[in-house]
Amino acid sequence: MLRPLDDVRIVDLTQGISGPFCTQILRDLGAEVIKVEPPSGDISRGTGTQHEKTGISYVSFNRGKKSIVLEVEKPEHRELFLKLAEKSDVIVEGLGPGKSDELGIGYEDIKKRKQDILYLSITGYGHQGLFKDYSNSDAVIQALSGFMSITGEAGGEYMKAGVPLADVFSGIYGAIGVLAGIIHRRKTKESLYIDLAKLNVMLSAMPDSVSKYFNTGITTRPKGCRHQLVGFFGPAEAKDGSVICMAAQEHQFKALTEILGLEGLEKDERFNSMDKRCINAAELEPIIFSRTREMTMEELTEKLLARKIPAGPINTLDRILESEYVKYHHLIMEVNDSNEKAYRVIGSPMKFEKFEMLESDFVSRLGEYTKEILAEITGTDKPGSEEDAK
Amino acid sequence: MTERPLSGIRILDLTRFMAGPLGIQILENLGAEIIKIERSGQLAEFSRSTEPTFGTTSAYFMAINSGKKDISLDLNKEEHREIFLKLAEKCDIVADNFRPGVTEKLHIAYEDVKARNPNIIYSTVSGFGYEGPYRSQGCVDTVAQAMSGFMSLTGREDGEPVRGGSSIADVCASLYEAAAILAAVIYRDRTGEGGFVDIPMLSSMLSVSEEMAAEYLNCGTEFKRCGNRDRQKALFQTYPALDGSVMIDASEEKYFAAFVRLLNIPELLEDERYGTAEKRLLHAEELEKILSAVTRTMTMTELADACRAAGIPAGEVNTLERISRSGYIEDQKMICRVHDAKEGNFKVLGLPLKFDQFEIPNEKFVPQPGEHTAEVLKDILGMSEEEIQKFF
């Protein structure tokens with residue numbers, strides 16, 4: 001079966017999450033990814049629960065990539081890297097501002113050897129400019145972007161997302177950049193430099209709030225899951241957890257009262273309009289919760305959905321991962337290492353009619369493919385080629 | 001400079017709100033011609049009336065709909081539906097974000113379009129996918145954030161689950177939408193075949209907790225909220241300042257040492273209890289108190305600058321106002337000026353990707369509802385003024 005990128009070879013010099021997530025998306029679309037690691041390995045090999053020097057974090061962002069070890073700082077290894085680039089289509093790097101040029105493996109260096117190379121550079125804040133030397137860790141980007149200042153309980157402390165949002169979104173934007181580059185190259189036979197800064201990505205993840213500030217000067221503040229402007233629109237407490245229940249409009253609120261056996265509440269003077277339900281939320285919630293607490297999350301969700309009230313349980317990860325939904329969509333894929341150790345990770349959310357996404361893949365040990373890849377690019381099989389790389 | 005990669009690609013865009021329009025906006029930035037379909041008058045897209053509004057546009061709408069030609073069609077009317085299908089014949093891509101089932105009822109579904117344009121790429125963003133559990137349920141951003149587990153991981157340890165302050169499930173699905181359409185374009189270039197592309201919001205949002213999901217699936221680890229602390233590294237967290245707070249990574253040996261020196265409490269380095277990262281993890285709470293007592297006396301800028309000067313990863317917890325005033329956004333040329341024919345000029349964010357061979361425009365229009373109806377029908381379908389008048 002043909003996949004869109006199965007004629008594309010990517011050399012991945014990135015570590016951590018954003019770059020590896022980018023090339024993993026491209027791998028899911030069929031690309032061959034050669035992951036160049038330093039002798040100490042990608043830092044994520046040491047992150048999370050370990051199994052034979054492979055951290056779970058590494059497995060979840062590096063499935064299907066061929067690991068080779070090169071020290072690009074060394075001239076002889078740099079030459080091997082450039083040879084590899086000649087036989088590849090895409091380079092993805094996240095070495096830091098100006099670093100790849102210093103090492104002689106920048107865009108211009110590669111272009112001399114491979115005139116139609118696509119070169120994606122991921123930094124925190126661009127190669128030049130105001131913040132260029134700041135730390136590009138996900139939490140710092142979440143802070144600087146203003147994202148934290150619009151996230152949190154109403155009136156409460158500014159909160160960071162409990163997941164590496166800036167890294168993950170940057171990974172997807174990186175994939176978008178490379179895919180656009182592949183189309184560009186098919187049309188023009190030209191090279192392309194693609195520049196992606198993680199802080200810019202995080203700003204773009206708040207398009208409406210930033211536009212509101214730009215055009216009115218009004219800054220968005222945290223408002224939790226409740227909505228200050230629309231009626232009953234928040235988490236309802238159930239027996240075993242909470243359920244998002246968006247019964248904002250009149251007919252939805254009326255339906256809610258019927259589900260809960262609270263008919264007539266919509267006529268109560270305190271609650272008979274969206275505005276009043278907002279103002280009197282502190283009185284309304286206990287009345288509603290006294291009934292919702294008698295139901296499980298699942299019961300309550302089903303009843304709300306049956307009456308067309310947007311609703312969903314606030315799941316913990318284990319709840320959603322064990323759900324029928326995840327099973328139905330085959331969202332969990334198996335990844336095997338060469339010792340037949342099997343891991344389970346989350347697969348791609350994208351679905352295409354014309355080709356299937358991979359249902360299983362491999363994860364490589366540090367340097368597992370060094371010998372094979374170097375033999376290919378140097379045109380020899382002699383075992384010595386692996387030695388060259390040490 | 002050459003043409004943008006998607007120049008020559010035409011997209012018929014039925015998407016509304018954010019999970020859809022944002023992805024199509026990315027493709028517009030990359031050079032595609034977008035024909036956005038709305039109902040006319042009061043029934044135009046709801047996000048035009050999301051506060052703050054300016055005439056028929058809003059801060060929300062203009063941020064994700066610039067440069068899109070806008071036509072008014074009522075797809076409940078058979079003659080308008082026929083116009084839709086004729087337009088689809090002249091397009092490369094159709095994009096929608098209706099609940100599964102809606103386009104079938106309107107006879108504008110993938111099968112209907114394919115009958116007229118066999119190589120069409122038809123992309124749909126929905127809450128739960130085109131098949132499977134919950135398929136026919138509507139979904140909004142908050143529900144996808146909640147069901148994906150994201151909210152259970154965000155917020156104070158002893159607080160309630162917190163929603164990401166922007167519509168991140170909409171954003172996430174839109175990014176995958178753009179990536180998937182690009183992949184489908186490449187596939188079509190190679191094989192001549194278009195096809196159906198299905199992006200469920202809930203699946204998209206699961207990928208933001210990829211790493212933790214893998215920990216659960218392989219080791220059974222369950223995760224709690226951890227507020228503004230790192231999940232693994234002690235003292236990588238926010239610290240209070242006079243006028244706000246600062247995110248600082250004082251976890252590693254060298255960072256911790258530099259941090260206590262700059263706070264002028266070097267005696268902590270002599271203290272046995274804090275001698276290694278593991279020990280500091282055990283005593284994180286008391287250490288945090290000691291460190292915070294000093295950081296609290298500095299302004300955000302003083303504290304963050306001092307950390308950065310000492311090589312410690314740090315960043316101010318900015319408001320949108322603070323980051324906007326920093327000069328960074330202009331410096332990065334991230335601002336796009338947009339023009340509404342009636343309301344004048346506004347500013348929104350541009351694409352966070354930059355390229356050396358082509359430029360992404362930083363001046364565009366924001367369409368009025370139906371602003372391009374006549375133009376599009378004339379230019380693309382070759383309809384005469386009279387014919388157009390007959391339909392509208």
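## Let's talk about the overall build of chain A
And step 1. When helices and strands are tallied, chain A shows 17 helices and 15 strands.
And step 2. Among the 390 residues that make up chain A, the fraction classed as buried is 62%.
And step 3. In the structure as shown, chain A presents an accessible area of about 14,600 Å², 48% of it carried by carbon and sulfur atoms.

## Points about the packing of aromatic side chains
And step 1. Per the counting criterion, the structure on display carries 23 aromatic pairs over all chains.
And step 2. Measuring from ring centre to ring centre gives 5.9 Å for F362 of chain A and Y369 of chain A, while their planes differ by 40°; the resulting arrangement is tilted.
And step 3. For F362 of chain A, a relative accessible area of 22% gives the class partly exposed.
And step 4. Look at Y369 of chain A and you get buried, because its relative accessible area is 16%.
And step 5. Residues F54 of chain B and F346 of chain B carry aromatic rings whose centres are separated by 4.7 Å and whose planes lie at 50° to one another, so their mutual orientation is tilted. Within this pair, whereas F54 of chain B is found in strand β3 (residues 53-54), its partner F346 of chain B is found in strand β13 (residues 344-349), the two being separated by 292 residues in sequence. Like F54 of chain B, the residue F346 of chain B is buried in the burial classification.

## Points about the nonpolar core
And step 1. If you look at the biggest cluster of nonpolar residues, it comprises 150 residues, and the most contacted ones within it are L29, L165, F169, I176 and M350 of chain A together with L27 and L30 of chain B.
And step 2. The dominant element in this core, judged by the number of residues it contributes, is helix α7 (residues 168-191) of chain B, at 17 residues.
And step 3. If we skip the residues at most four places from it in the chain, L27 of chain B touches L6, I11, A32, A178, I181 and L182 of chain B.
And step 4. Within the second largest apolar cluster, 29 residues are counted, among which are I35, L87, L106 and I380 of chain B.

## Things to note about the environment of I24 of chain B
Residue and element names in this part refer to chain B.
And step 1. Examined against the element boundaries, I24 turns out to sit in helix α1 (residues 21-29).
And step 2. Taking the C-alpha atoms as reference points, I24 and F223, 199 residues apart in sequence, are found 35 Å from one another.
And step 3. Each residue touching I24, except ones within four places of it in the same chain, is listed here: I11, D13, T15, I34, K68, A95, E177 and I181.

## What to know about the pairing of strand β12 (residues 332-336) of chain A
All names here are of chain A.
And step 1. Because side chains alternate across β12, one face comprises the buried residues M333 and V335, and the other comprises I332, E334 and N336, none of which is buried.
And step 2. Bridging between β12 and strand β13 (residues 342-346) involves five bridges; their strand directions are antiparallel. What sits directly across from E334, in β13, is R344.
And step 3. Here β12 folds back onto β13 in antiparallel fashion, the turn holding five residues, of which E340 has a positive phi close to 65°.

What counts and how
- Residues numbered from 1 in each chain as written.
- Chains lettered and ligands numbered in written order.
- Predicted model: local features only at pLDDT ≥ 70, side-chain atom pairs only at ≥ 80, totals over all residues.
- Heavy atoms only, no water.
- Helix = DSSP H or I, 4+ residues; strand = E, 2+ residues; numbered from the N terminus.
- Buried < 20%, exposed > 50% of the residue type's maximum accessible area, 1.4 Å probe, protein only.
- Areas by Shrake-Rupley, 256 points an atom, 1.4 Å probe, with all protein chains shown as cover.
- Phe/Tyr/Trp six-rings, centres within 6.5 Å; stacked < 30°, edge-to-face > 60°.
- Core = buried A, V, L, I, M, F, W, Y, C linked by side-chain atoms within 4.5 Å.
- Contact = heavy atoms within 4.5 Å.
- Pairing = 2+ DSSP bridges.

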